[in-house]
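# Remarks on the overall topology
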Amino acid sequence: MIPSKRTFAGAVALSCLVWLPASAADTNSGDLVITRAWSRATPGGAKVAGGYLTIENKGRRPERLKTASTAHALKTEIHEMAISAGVMTMRALNDGLVIAPGQSVTLAPGGGHLMFIGLDAPLRVGEQVPVTLSFEHAGDVKVALDVQPIGAQAPARTETAEPVRRAEHATPVSPVMNSEADESFFTHLHAEKAMANVTVSPGRAGPVEIAIQLEDANELPLSAEAVAVTLTNPEHGAAPVTANAERVGNDQWRVRMSAPLSGRWSLGLDIRITSSDAVNVVSPILLR
């Protein structure tokens, strides 16, 4: 049974979700072979998760993964990781991911990955996440991501006697009252030792509040000694502005800053895990 797509705003919905056996088969579509599709279980309350897989192109022309989607997240992005001058950066590949002919591309922890943003429920070990991959030539390809334990570094085959099934019934959701201009901007920053879920509210130019939730490499809450936030907008010549965030929980920080211009900004985090251990990550954010 294929899970029904859930409406996320202003609706009363009823969906039945059936989780398949815990080990997904390889997927073949035309010249593509998709293997090792998996994700990690998420702690309660987490709204983001990574997706990992290997795509092999056996054809004679380049293939491009344009987008990915799942009914169980508000949006899914294809992310690329890079290190420049000792700072790890992450960006969404808006033009997609190219797989050269005769080559394969692997999305894995610490590197490129799918990012599921706005999960409708935590991911649990033994479940599968249905995902649609949209390719330039192969079209839509449906895969299932095996959910592995928190902190897993690779998929592992597990045998279950029967499918793990879970039925979920949505409760009435109040209509969204905020205008589009007041909607928040969300991004996920990823480094080897630390990750951060960052929400910028509102998602428009002007005074903003930046909320930060930290996780360690195993996607568990991370307690740090200090967090500094830097906003830059070199496109418009705006000077970098840095502010120290205030701790509002064991793994949560908050800071109020000003981003007076709309457009693309660069948000950097200096995460002081201990006095001798720091992580620097940078990600673009878009303000209306």
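Bear in mind that the values here come from a model prediction, so they are computed numbers and not experimental data.

### Concerning the nonpolar core
Ile210, Ile212, Leu267 and Leu269 are the most contacted members of the largest nonpolar core, which has 31 residues in total. A per-element tally of this core places strand 19 (residues 263-274) first, with 5 residues. Sequence-distant contacts of Leu269, defined by excluding residues within four places in its chain, comprise Leu189, Ala196, Val198, Ile212, Val227, Ala228, Val229, Val279, Asn280 and Val281. One finds Leu97, Val141, Leu145 and Val147 within the second-largest nonpolar core, a separate group that totals 27 residues.

### Comments concerning empty space enclosed by the protein
The full count for this structure, using the stated rule, is 3 cavities of 30 Å³ or more. Together, 14 residues line the largest cavity, and Val48, Ala49, Gly50, His188 and Glu219 are the ones closest to its centre. Within the residue set of the lining of the largest cavity, elements represented by two or more residues are strand 3 (48-57), strand 9 (113-119) and strand 12 (185-190). Among the elements that take part in the lining of the largest cavity, strand 3 stands out by supplying 4 residues, more than any other. Considered class by class, the residues forming the lining of the largest cavity number 6 nonpolar, 5 polar and 3 charged.

### Here we look at the sheet that holds strand 18 (residues 252-259)
Within the open sheet, the 5 strands sit side by side as 12-13-14-18-17. Their pairing is antiparallel. Both edges of this open sheet fall to strand 12 and strand 17 (246-247), since each of them pairs with a single strand only. The pairing of strand 12 with strand 13 (residues 194-201) spans 6 bridges and is antiparallel. Across the sheet, the residue bridging to Leu189 is Ala196, located in strand 13.

Each value, and the rule that gives it
- Residues numbered from 1 in each chain as written.
- Predicted model: local features only at pLDDT ≥ 70, side-chain atom pairs only at ≥ 80, totals over all residues.
- Heavy atoms only, no water.
- Core = buried A, V, L, I, M, F, W, Y, C linked by side-chain atoms within 4.5 Å.
- Buried < 20%, exposed > 50% of the residue type's maximum accessible area, 1.4 Å probe, protein only.
- Helix = DSSP H or I, 4+ residues; strand = E, 2+ residues; numbered from the N terminus.
- Contact = heavy atoms within 4.5 Å.
- 1 Å grid on protein atoms, 1.4 Å probe; cavity = no way out; pocket = protein on both sides within 12 Å on 5 of 7 lines; lining within 4 Å.
- Points joined across faces, edges and corners; volume = space filled by probe spheres on them.
- Nonpolar A, V, L, I, M, F, W, Y, C, P; charged D, E, K, R; others polar.
- Pairing = 2+ DSSP bridges.

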